[in-house]
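The residues making up each chain are set out below.
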Amino acid sequence: MSQSLQFFTPSRSPYVILPKLPATSNVRFPVINFPSRKHSITITKCLSSDLDATSSQVLASGNGQSGVAGVLSADNVAAVPSHDSGAAGIEVDAVTEAELKENGFRSTRRTKLICTIGPATCGFEQLEALAVGGMNVARINMCHGTREWHQTVIERVRRLNEEKGFAVAIMMDTEGSEIHMGDLGGDASAKAEDGEIWTFTVRALNSPRPERTINVNYDGFAEDVKVGDELLVDGGMVRFEVIEKIGPDVKCRCTDPGLLLPRANLTFWRDGSLVRERNAMLPTISSKDWLDIDFGIAAGVEFIAISFVKSAEVIKHLKSYIAARSRGSDIAVIAKIESIDSLKNLEEIIQASDGAMVARGDLGAQIPLEQVPSAQQKIVQVCRELNKPVIVASQLLESMIEYPTPTRAEVADVSEAVRQRADALMLSGESAMGQFPEKALAVLRTVSVRIEKWWREEKRHEAMELPDVGTSFSDSISEEICNSAAKMANNLEVDALFVYTKTGHMASLLSRCRPDCPIFAFTTTTSVRRRLNLQWGLIPFRLSFSDDMESNLNKTFSLLKARGMIKSGDLVIAVSDMLQSIQVMNVP
Ligand SMILES: Nc1ncnc2c1ncn2[C@@H]1O[C@H](COP(=O)(O)OP(=O)(O)OP(=O)(O)O)[C@@H](O)[C@H]1O
Ligand SMILES: CC(=O)C(=O)O
Ligand SMILES: [K+]
Ligand SMILES: [Mg+2]
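For every chain, the first residue of the written sequence is number 1, and numbering continues from 1 along that sequence. To label them, take the chains in the order written and letter them from A, then take the ligands in the order written and number them from 1. With the structure being a predicted model, the display of local features is reserved for residues of pLDDT at least 70 and the display and counting of side-chain atom pairs for 80 or more, all residues being used for whole-chain, interface and lining totals.

Draft legend 1. Just the sheet that holds strand 19 (residues 273–274), in detail. Two strands pair under a simple rule: DSSP has to find at least two bridges between them. The helix count covers DSSP runs of H or I at least four residues long, the strand count covers runs of E at least two residues long, and both are numbered beginning at the N terminus. Read across the sheet, seven strands follow the order 13-12-16-15-14-18-19 without closing on themselves; strand pairing throughout is mixed. Strands with a single pairing partner mark the edges of an open sheet, and in this sheet they are strand 13 (213–215) and strand 19. Two elements, strand 12 (residues 197–201) and strand 16 (residues 249–256), share five bridges in a ladder whose sense is antiparallel. In the sheet register, Ile-197 faces strand 16, and the bridge partner there is Arg-253.

Structure, rendered in structure tokens:
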């Protein structure tokens, strides 16, 4: 049994476990995380070079503080069995760990899953059920609810991560300033019947809301529409024809009846095409969005998704804003592709972003529906080429808002997104306000796993030409290493790829290759680990490691073996961004 050492504070609460510390002089103490999630602090430096020294100081930082954590001496260094060190030295998603143990490496899910949190899923138990069901990222949509409500959701997800060992990341999605209806004065929906006359107005409405009257958020609305225009709610779920304008009020006749939902998107069409002149004047990030972004930065969300992106400039602006505001923390900016302008500037926008979302809901309201599938295919491909994670969103399982099983067409749509090897699939109304959020998530999970396995076994993936993305020589080396390692992994049919990466970049380069085996991504910080949770095929672990690959590997093997996640004989390929090399080995 390998020995590890446990360090006690004077109160004798176990502070840190230093695995496999050889009892010789000139010991270099591994930097390792404290086991207790409640007092998560990191040993940053150990001033001892000699274990026999009677008083060696240990410097640690955590919880916003740093300083001397304690003194190593013969009294407070104790030997503990290695399985304890396993529990302490590495952090991995509890659900993934269970999946790995149950199904083995090869059948773990590669496609990541995002759930929009809403009234149906904001409770702690409901969030936990989603995390257990495989939610990798929780999305909060700033179109709805108050900041207090969103804050509560974020806190609950964080608590879940801390207490139950999940790594659920948070994605904040901005409202954007496109034209939409008001919130219906608290009503869940309103029914518009064929031929009824409704009033759309920019006036603030008293409550209760006057019958057949809808507030519109955009002041120029009455000026911009013309009699004869067609008004589409949510891209055509309900249609009206403009019949009269009276000051701020616009009278419309319902031509396609249906349910109006709070804050539904509005577009107007003239002579068969979308009227976009005015939209072009609206800022992508409204003043309310900026306040929401400040809120997101303060709350430490991992992703900010920007609605109705029109150009790369807005993304660059936001990224420099975030960099100035949140020193050190690294919030990823996701461009939502949901407008004609974003399609026109697709490459530039994606290049400037940290990822993209195919936001098919609004996209389908701006381009003909039959063009949405090819747009999706194109966006997924560009993201892959540029090495940016891509999310396919909206109406994947729309019928499951009301019914416990999906339609065959929905299953086919989900499997097409999986076949395209998108990084992530997203639930919207299905999880936010549907009747079967967990069932919907289970459908995404089982369809993903099944389709991934099928396509992998049938070797049905057409090889994709991956252009070089590296801008420096060192980046190019990393890229070549990852491309080669992924190819070797497929040819040698290895059990797993290991990547040791501080920034996560090497992990994303491996993910981009979509190898047949899963990728164990070891990273030193919680925030990088959560961010990697969006990317295809990555199983992110948090682990302290050094520049010495030999010792990193030995440590990882013993920690993972202790947890039953790998076994002797498993074939592994390891790469790292500290030492640019590829190692192939059997787990000892
Ligand atoms: N925080 C929330 N509070 C209340 N309802 C919510 C919330 N989040 C989502 N919903 C409900 O879920 C439905 C669908 O979710 P979501 O808003 O994510 O879809 P979407 O309209 O496609 O997104 P977007 O507005 O970004 O285009 C909404 O119409 C709303 O009824
Ligand atoms: C998700 C989103 O914003 C859309 O589909 O429109
Ligand atoms: K939104
Ligand atoms: Mg949208």
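From this point on, the discussion continues.
Draft legend 2. Fine view of the site of ligand 2. The environment of ligand 2 is made up of Ser-307, Lys-336, Glu-338, Ala-359, Arg-360, Gly-361, Asp-362, Ala-393, Ser-394 and Ser-428. Broken down by element, the shell around ligand 2 gets its largest block of residues, three residues, from helix 11 (residues 360–366). Across the shell around ligand 2, the residue classes tally to two nonpolar, four polar and four charged. Using a C-beta atom placed from the backbone for every residue, we mark a residue as near a molecule or strand if that atom lies within 6 Å of it. Residues are grouped as follows: Ala, Val, Leu, Ile, Met, Phe, Trp, Tyr, Cys and Pro are nonpolar; Asp, Glu, Lys and Arg are charged; every other residue, Gly included, is polar.

Draft legend 3. Structural view of the site of ligand 1. Near ligand 1 there are 18 residues, and of these Gly-118, His-144, Gly-145, Gly-429 and Ala-432 occur at the shortest range. Of all the secondary-structure elements, those providing two or more residues to the shell around ligand 1 are helix 11 and helix 14 (429–432). Grouping the constituent residues of the shell around ligand 1 by class yields six nonpolar, 10 polar and two charged.

Draft legend 4. Representation of the pairing of strand 25 (residues 496–500) within the structure. In this scheme the burial state of a residue depends on its C-beta neighbours within 10 Å: 20 or more other such atoms mean buried, 12 or fewer mean exposed, and anything in between means partly exposed; the C-beta positions come from the backbone. Strand 25 sits mainly inside the fold: five of its five residues count as buried. Here strand 25 shows a buried face lined by Ala-496, Phe-498 and Tyr-500 and a second buried face lined by Leu-497 and Val-499. Sheet analysis places strand 25 next to strand 28 (residues 571–576), joined by five bridges and oriented parallel. Paired with Phe-498 across the two strands is Ala-574, which belongs to strand 28. Both strand 25 and strand 26 (residues 519–523) contribute to a ladder of four bridges, which runs parallel. From the neighbouring strand, Tyr-500 faces strand 26, where its bridge partner is Phe-522.

Draft legend 5. Region of interest: the nonpolar core. Joined through C-beta atoms within 7 Å, a set of buried Ala, Val, Leu, Ile, Met, Phe, Trp, Tyr and Cys residues constitutes a nonpolar core. With 76 residues, the main nonpolar core has Val-168, Ile-304, Ile-306, Ile-334, Ile-391 and Leu-425 as its most contacted residues. In contact with Ile-306, not counting residues within four places along its chain, are Thr-174, Thr-284, Ile-285, Val-314, Ile-315, Leu-318, Val-333, Ile-334, Ala-335 and Lys-336. Judged by nonpolar contacts, the second largest core, of 41 residues, contains Ala-486, Phe-522, Phe-541 and Phe-545. Residues are defined as contacting one another if the C-beta atoms placed from their backbone atoms lie within 7 Å.

Draft legend 6. The arrangement of the packing of helix 16 (residues 473–492) against helix 17 (residues 505–512) in detail. With axes taken as lines fitted to C-alpha atoms, and helix axes fitted only over the stretch in contact, angles between N-to-C directions fall between 0 and 180 degrees. The contact between helix 16 and helix 17 brings their axes to 9 Å, and the two run at 45 degrees. The angle between helix 16 and helix 17 falls in the class oblique. Considering the relative orientation of helix 16 and helix 17, their crossing is right-handed. Here helix 16 contributes Ser-478, Glu-479, Cys-482, Ala-485 and Ala-486 to the contact with helix 17, which in turn contributes His-505, Met-506, Leu-509 and Leu-510. Grouping the constituent residues of the contact of helix 16 with helix 17 by class yields six nonpolar, two polar and one charged. When describing relative orientation, an angle under 35 degrees is termed roughly parallel and one over 145 degrees roughly antiparallel, while 65 to 115 degrees is termed roughly perpendicular and anything else oblique. The crossing is said to be left-handed when, going from far helix to near helix, the turn is anticlockwise and less than a right angle, and right-handed when the turn is clockwise.

Draft legend 7. Expanded view of the pairing of strand 20 (residues 303–306). With burial as the criterion, each face of strand 20 is covered, one bearing Phe-303 and Ala-305 and the other bearing Ile-304 and Ile-306. Note: strand 10 (residues 169–173) against strand 20, three bridges, orientation parallel. Bridge pairing in strand 20 links Met-172 to Ile-304. Looking down the strands as they point away from you, a crossover is right-handed if its path from the first strand over the helix to the second goes clockwise. Read as a crossover between parallel neighbours, the route from strand 20 over helix 8 (residues 312–325) to strand 21 (residues 332–337) is right-handed.

Draft legend 8. Broad picture of the domain arrangement of the chain. Residue ranges assigned to the domains are those given by an automatic or database domain assignment. As assigned here, the chain comprises domain 1 (3–91), domain 2 (106–174 + 285–457), domain 3 (184–281) and domain 4 (473–586). One C-alpha centre belongs to domain 2, the other to domain 3; they are set 28 Å apart. Tallying the contact residues gives seven residues for domain 2 and nine residues for domain 3. Per-element accounting of the side of domain 2 that touches domain 3 gives the leading share, four residues, to helix 11.

Draft legend 9. Region of the structure containing the UniProt feature "domain: Pyruvate kinase C-terminal" (unreviewed entry) in the chain. UniProt positions are given in the numbering used here, feature names are shortened, and annotations may be inferred rather than shown by experiment. According to UniProt, the feature "domain: Pyruvate kinase C-terminal" (unreviewed entry) maps to residues 479–578 in the numbering used here. Annotated as residues 479–578, this span is 43% helix and 22% strand, and its ends, taken at the C-alpha atoms, are 14 Å apart.

Draft legend 10. Expanded view of the sheet that holds strand 28. Spatial ordering of the open sheet is given by 7-27-26-25-28-29, a layout of six strands whose pairing is mixed. Strand pairing shows two members of the sheet lacking a second neighbour, strand 7 (90–92) and strand 29 (582–586), which therefore form its edges. Taking each pair of neighbouring strands and ignoring which way they run, the sheet shows an average axis angle of 25 degrees. By the bridge criterion, three bridges tie strand 7 to strand 27 (residues 538–543) in an arrangement that is antiparallel. Note that in strand 27 the partner of Ile-90 across the bridge is Leu-543.

Draft legend 11. Up close: the environment of Ala-222. Its location among the elements puts Ala-222 in helix 5 (residues 221–224). Here the alpha-carbon distance between Ala-222 and Lys-112, two residues 110 residues apart in the chain, equals 43 Å. Look past the residues within four positions of Ala-222 in its chain and what remains in contact with it is Val-202, Lys-245, Pro-248, Asp-249 and Val-250.

Draft legend 12. Spotlight on unusual backbone geometry. Although it is not a glycine, Asn-387 adopts a positive phi angle of roughly 60 degrees. Residue position: Asn-387 is located in the loop between helix 12 (372–385) and strand 23 (390–393). With 21 C-beta atoms packed within 10 Å, Asn-387 lands in the buried category. Positive phi is not limited to glycine here, since Ser-394 has a value of about 90 degrees. Mapped onto the elements of the fold, Ser-394 is located in the loop between strand 23 and helix 13 (408–419).

Draft legend 13. The packing of helix 3 (residues 124–132) against helix 4 (residues 147–164), seen in detail. Direction vectors running N to C along helix 3 and helix 4 enclose 60 degrees, while the axes themselves pass 10 Å from each other. Considered as vectors, helix 3 and helix 4 are oriented oblique to each other. Our pair here, helix 3 against helix 4, has a crossing hand that is right-handed. Where helix 3 approaches helix 4, its residues Phe-124, Leu-127, Glu-128 and Ala-131 are matched on the opposing element by Arg-156, Val-157, Leu-160 and Lys-164.

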